[in-house]
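Geometric and topological summary
What follows is each chain in one-letter form.
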Amino acid sequence: MAITHEEGSLFDIHHPDKSAYKLPPLEVPSKKPTKHLRESTLGLPQVSEMDVVRHYTRLSNMNYSIDAGMYPLGSCTMKYNPKINDEISMLDGFKNIHPYQPLETAAGAIEVMGRLQDLLAEVTGLPAVSLQPAAGAHGEFTGVKVMRAYLKENGGVRRKMLIPDTAHGTNPATSTLCQYEVVRVPNGPNGYIEASDVERLMDRDTAGIMVTNPNTLGLFEKNIVEICKVVHAQGGLVYCDGANFNAVMGWSRPGDLGIDVMHLNLHKTFSTPHGGGGPGAGPICAVEKLRPYLPSPQVVQKDGAYALEYNLPKTIGRVRMAYGNFLVLVRALVYGLTLGRDGLKEASTIAVVNANYILNLLKADYHLPFGPTCLHECVFSDKNQNEFGVKTMEIAKRLMDYGFHPPTVYFPLVVPGAIMIEPTETEPLHEIDRFISAMRAIAQEAKLNPEKVRTAPHTVFVKRVDETVAAKKLILRNNSTI
Ligand SMILES: *Cc1c(COP(=O)(O)O)cnc(C)c1O
């Protein structure tokens, strides 16, 4: 953007004489009963139509989005979402239905859910699916509740849950929320979980393990089959955090590896735009023996058609109003059907190739703690730049001057000063090359002109925010008085 504006609040340009439109005075006596009239004004800013339009247009221009450029935020799979998926989810028949309209008038919607369940069951190798959870973390919560309900009926509730150091942060949070005591599993020297560690920690009071696979180092847990066996031998269950499914679609089915239950992030892998807190979906897929415990209602096949089943005596209950975020489900089905079996596999292949391309072209400049290859994302650290007093956060801020959204920083925790880059399959080569050039230029600057990097960003409107103050001193109201 050539012009950057100081954009204040609409309250700053409030003037009582301004308004977006004016109606002529009433020609007939007003019949509004005065008792229903507000005594004072609402306190909203009075501005002209153009003031409003410019204000919001400028704000939207300040926003960075995947439609504007590369968004290499590791562990988030910020990929381009084909517009056809949005368009189909916006068809009247999908958009304008109501969750409480008579079910016989919503057979198409139920079929969309049923067919999506079938598709997800096939790509995960796990036949029992619930589309209700609204996000990844919500899927974890639902899945672990299902594990808990199953264990309660099969040998009794257990008290502990194994969580590897390379797990996503939501995994220990979920376990705690579901009343489990978290037991840490260290990762081995090469970043993988060792089956021997799991064997040592797994006992009859441990519900199982939550494994993020591929893990947050962008590595496929190569001991996963062995780990599942060790957990099962003690009567436990294996949860897989499948938010990073973009790396393995069509290549590996968690169900075939011994996983019992997992979630997928449709808003990462299956084409719903995310970031900024919009609606998502975190369906769970489970082995057959967990089906009775899935949330109610379940979409089932009855007499050759899909129908809702409410008669589920063992269900953990509802985890979401209505049937989940329906339009996200529509997008996911369209995405799956347009790509098909081969297309999904190819998407994962390209995502992995892109990440490895970056890994190889940046490893001369940035320290690579684990390797030599990765799956869908690569994790560097700021170790080389530390020599010149430059840290990860500053590299990330400097990238903004080069026109890129920064990657994920300081995560995973097992890598000090981590810089986690996930290009996804939708970035074209010329954009990835531009990103690599920017990262290399920053590495050069860190050596030759570290101050320039330390004080970045220089060109963007909002430079550095005080994150501690932002977190501790919430200002949720505009204090302008009109
Ligand atoms: C994004 C992510 C989550 C959480 O998903 P939300 O939809 O944000 O709740 C969990 N695990 C992993 C590995 C993730 O990348």
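What you are looking at is a predicted structure, and each value in this text was computed from that prediction instead of being measured. (Residues numbered from 1 in each chain as written. Predicted model: local features only at pLDDT ≥ 70, side-chain atom pairs only at ≥ 80, totals over all residues. Heavy atoms only, no water.)

The subject of this paragraph is the nonpolar core. If you look at the biggest cluster of nonpolar residues, it comprises 82 residues, and the most contacted ones within it are Leu120, Val198, Leu266 and Phe270. The greatest single-element share of this core, amounting to 11 residues, is contributed by helix α10 (residues 326–362). In terms of domain composition, this core takes at least three residues from each of domain 1 (83–338) and domain 2 (340–470). The residues contacting Leu266, other than those within four sequence positions of it, are Leu116, Leu120, Ser271, Thr272, Ala281, Pro283, Val328, Leu329 and Ala332. Counting 24 residues, the second largest nonpolar core, distinct from the first, contains Met70, Ile432, Ile436 and Ala443. (Core = buried A, V, L, I, M, F, W, Y, C linked by side-chain atoms within 4.5 Å. Buried < 20%, exposed > 50% of the residue type's maximum accessible area, 1.4 Å probe, protein only. Helix = DSSP H or I, 4+ residues; strand = E, 2+ residues; numbered from the N terminus. Domains from an automatic or database assignment. Contact = heavy atoms within 4.5 Å.)

It is the contact of helix α12 (residues 392–401) with helix α13 (residues 429–448), at a shortest axis distance of 10 Å, that shows an interaxial angle of 125°. One element, α12, and the other, α13, form an angle in the oblique class. Seen from above, α12 lies across α13 with right-handed handedness. Here α12 contributes Ile395, Arg398 and Leu399 to the contact with α13, which in turn contributes Phe435, Ala438, Met439, Ile442 and Glu445. Taken together, the residues of the contact of α12 with α13 break down into 6 nonpolar, no polar and 2 charged. (Axes fitted to C-alpha atoms, helices over the stretch in contact; angles between N-to-C directions. Parallel < 35°, antiparallel > 145°, perpendicular 65-115°, else oblique. Left-handed = near helix turned anticlockwise from the far one by under 90°. Nonpolar A, V, L, I, M, F, W, Y, C, P; charged D, E, K, R; others polar.)

Turning next to the sheet that holds strand β12 (residues 418–421). On the basis of which strands lie adjacent, the open sheet formed by 3 strands has the order β10-β12-β11 and antiparallel pairing. With one partner strand each, in any of the chains shown, β10 (378–381) and β11 (408–409) form the two edges of the open sheet. Across 2 bridges, the pairing between β11 and β12 is antiparallel. Note on β12: the bridge partner recorded for Val409 is Ile419. (Pairing = 2+ DSSP bridges.)

All right, on to the packing of helix α5 (residues 136–153) against helix α6 (residues 170–177) then. Axis separation between α5 and α6 bottoms out at 9 Å; the angle between their running directions is 40°. Judged by the inter-axis angle, α5 sits oblique to α6. Between α5 and α6 lies a crossing whose hand is right-handed. Along the contact surface, α5 presents Ala137, Glu140, Phe141 and Val144, while α6 presents Thr170, Asn171, Thr174 and Leu177. Here the residues of the contact of α5 with α6 sort into 4 nonpolar, 3 polar and 1 charged.

As a further point, take the pairing of strand β9 (residues 305–309). Burial analysis of β9 places 4 of its 5 residues in the buried class, the great majority of the element. Bridging between strand β8 (residues 298–302) and β9 involves 5 bridges; their strand directions are antiparallel. Within β9, the position partnered with Val299 by the bridge is Leu308. In this structure, the hairpin formed by β8 and β9 is closed by a connection of 2 residues, where Asp303 is found at a positive phi of approximately 45°.

With that settled, consider the site of the ligand. Close to the ligand lie 14 residues; Ser75, Gly136, Asp241, His267 and Lys268 are nearest. In this structure, an oxygen atom belonging to the ligand sits 2.7 Å away from a main-chain N or O atom of Ser75. Between Gly136 and the ligand, the recorded distance is 2.7 Å, taken from a backbone N or O atom to an oxygen atom. In isolation the ligand exposes 380 Å². Once the protein is present, 84% of that is buried. (Near = heavy atom within 4 Å. Polar contact = N/O pair within 3.5 Å; in protein donor to acceptor, adjacent residues only side chain to side chain. Areas by Shrake-Rupley, 256 points an atom, 1.4 Å probe, with all protein chains shown as cover.)

This paragraph deals with the domain arrangement of the protein. Examined at the domain level, the protein breaks down into domain 1 (83–338) and domain 2 (340–470). Contacts between the two partners involve 30 residues from domain 1, matched on the other side by 22 residues from domain 2. In this assembly, domain 1 packs against domain 2 so that about 1,900 Å² is buried in total across both faces, 60% of it on carbon and sulfur atoms. The largest share of the area that domain 1 buries against domain 2 comes from Thr216, Leu217 and Asn246, three residues that together contribute 27% of it. Across the contact surface, domain 1 and domain 2 share 1 salt bridge. Between Glu122 and Arg341 there is a salt bridge, with its nearest N and O atoms 2.7 Å apart. (Buried area = accessible area lost by both parts, 1.4 Å probe. Salt bridge = Lys/Arg side-chain N within 4 Å of Asp/Glu carboxyl O.)

Right, let's get into a nonpolar patch on the surface. A contiguous nonpolar patch, built from Tyr56, Leu59, Met62, Phe461, Val462 and Val465 and spanning about 520 Å² of accessible area, is present on the exposed surface. If you trace the backbone, Phe461 turns up in the loop between α14 (450–454) and α15 (467–472). (Patch = residues over 30% accessible without salt bridge, like charges linked within 9 Å, V, L, I, M, F, W, Y side chains within 5 Å.)

Right, let's talk about the sheet that holds strand β1 (residues 128–130) for a bit. Reading across the sheet, the 7 strands line up as β1-β7-β6-β5-β4-β2-β3 and stay open at both edges, with mixed pairing between neighbours. The sheet is open, and its two edges are formed by β1 and β3 (181–185), each paired on a single side. The mean inter-strand angle of the sheet, taken between neighbouring strand axes irrespective of direction, is 20°. Seen against the sheet, α5 touches β2 (160–164), β4 (206–212), β5 (237–241), β6 (261–263) and β7 (284–286) and runs at an angle of roughly 175° to β5.

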